[in-house]
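Overview (structure and organization)
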Amino acid sequence: MKFSTFSLILTISSSASLIAAVPLGFSNYTEISERATVDLGDWQLFGRDESDIYGREPTEWQLSERDLELRAPTPKPFDVKHWKKQDRDVKIEKFVATAVKMPQVFDPKDSAKQLIHWRGGVAYQASNKWRSTSLDTRKLSVDDPEIEVQLISKDFMVSSAAPYYWETKVVKEYTTAQVHELLVKKKFNQYSYNGAGSGCLTWTTALVGLFESEGIIAKGSKAAFEKKVEEVRKDPKYWVPVETGAKFYE
């Protein structure tokens, strides 16, 4: 349906405001306590005054969670640009999950709690020194929830920016090349963060579960990792968001 004329509607609530151009005669308009929405058939636009979990201000227009469900996801290829040749076919010895502090990012409800970013990794020794391949996720833009999975060479096992980490021995002979092949086979790049831009912990937990189910690490590893997560959550210095809505997709 096309409209040649538009009217301007301004709504103000106690916690959010929205200015939207809406076709004249359009009546399906609702206001909700924390956001105002205009139902435009298959699309909704909303404005809100809170920033996302990384402290960034919202753009003038953002997609609602319903929009994200309707829009067909586009998997991104694995990023291996920073995965060095020397690390691409090495026998792994440990699996490591790290809780890395995000610089200058804090809980909007408690500025004393710094955001934690979770990522996995596999570690091995070379010339009597530990190296690792980081298995990480990132968003390329605020408005795009689909993540990119990165395999990155590191000349250490645990980052100095990680106040917490969890490690376990590898119990099955496995190489970094096989890890890459497994993640591709299991489509671990087909994953979306939630509407607030959070989802790294859910992905990392699934990664631990995958390694356990494949027999690469011991049974009970996922449960042990989840105990470590709860330990970090209880630390008053750090913020581990609840990641409702983050998920894998087909």
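What you see is a predicted model; the values in this text were computed from it and never measured. (Residues numbered from 1 in each chain as written. Predicted model: local features only at pLDDT ≥ 70, side-chain atom pairs only at ≥ 80, totals over all residues. Heavy atoms only, no water.)

On to the overall build of the protein chain, then. When its secondary structure is counted, the protein chain shows 4 helices and 14 strands. Per-residue burial for the protein chain yields a buried fraction of 45% across its 250 residues. Across the protein chain, the fraction of contacts at a sequence separation of at least 24, relative to all contacts at a separation of at least 6, is 63%. By element, 52% of the accessible surface of the protein chain is carried by carbon and sulfur atoms, the whole surface being about 13700 Å². (Helix = DSSP H or I, 4+ residues; strand = E, 2+ residues; numbered from the N terminus. Buried < 20%, exposed > 50% of the residue type's maximum accessible area, 1.4 Å probe, protein only. Contact = heavy atoms within 4.5 Å. Areas by Shrake-Rupley, 256 points an atom, 1.4 Å probe, with all protein chains shown as cover.)

Any two side chains of opposite charge can pair, on the condition that their charged atoms come close. Throughout the structure, instances matching the rule amount to 12 salt bridges. The partner of glutamate 231 in a salt bridge is lysine 228, with the nearest N and O atoms 3.1 Å apart. Here the residue glutamate 231 and the residue lysine 228 both occupy positions in helix α4 (residues 221-234), the gap between them amounting to 3 residues, near one helical turn. Owing to a relative accessible area of 39%, glutamate 231 belongs among the partly exposed residues under this scheme. Ionic pairing is found between aspartate 235 and lysine 237, a salt bridge with its closest N-O pair at 3.1 Å. (Salt bridge = Lys/Arg side-chain N within 4 Å of Asp/Glu carboxyl O.)

With that settled, consider α4. With 14 residues, α4 extends 20 Å from end C-alpha to end C-alpha; this agrees with the ideal 20 Å at 1.5 Å per step. Along α4, the residues classified as buried are Ser221, Phe225, Lys228, Val229 and Val232. The buried residues of α4 occupy one face: seen down the axis, they fall within an arc of 105 degrees. More than 90 degrees from the buried face of α4, the exposed residues found are Lys227 and Lys234. Buried residues belonging to α4 abut β7 (94-107), β8 (110-126), β11 (164-169), α3 (200-213) and β13 (238-239). (Expected span 1.5 Å × (residues − 1). Arc of directions from axis to C-beta.)

The subject of this paragraph is the packing of α3 against α4. Geometry of a packed helix pair, given as the angle between the helix axes and the separation of the axes. Packing of α3 against α4 leaves a shortest axis separation of 8 Å and a crossing angle of 155 degrees. Considering their axes alone, α3 and α4 lie roughly antiparallel with respect to each other. α3 and α4 meet at a crossing whose hand is right-handed. Mapping the contact onto sequence places Leu201, Thr204, Thr205, Val208, Gly209 and Glu212 in α3 and Ser221, Lys222, Phe225, Glu226, Val229 and Arg233 in α4. (Axes fitted to C-alpha atoms, helices over the stretch in contact; angles between N-to-C directions. Parallel < 35°, antiparallel > 145°, perpendicular 65-115°, else oblique. Left-handed = near helix turned anticlockwise from the far one by under 90°.)

Detailed reading of predicted coordinates is not advised where the pLDDT is low. For the protein chain, per-residue confidence averages 80 on the pLDDT scale, and residues scoring 70 or more make up 72% of the total. Low pLDDT, under 50, characterises residues 1-62; the stretch is placed with 119 contacts to residues that sit more than four places away or in other chains. (pLDDT = per-residue confidence, 0-100.)

Attention now moves to unusual backbone geometry. Even without a glycine there, the phi angle at glutamine 104 is positive, about 60 degrees. When you line up the elements, glutamine 104 lands in strand β7.

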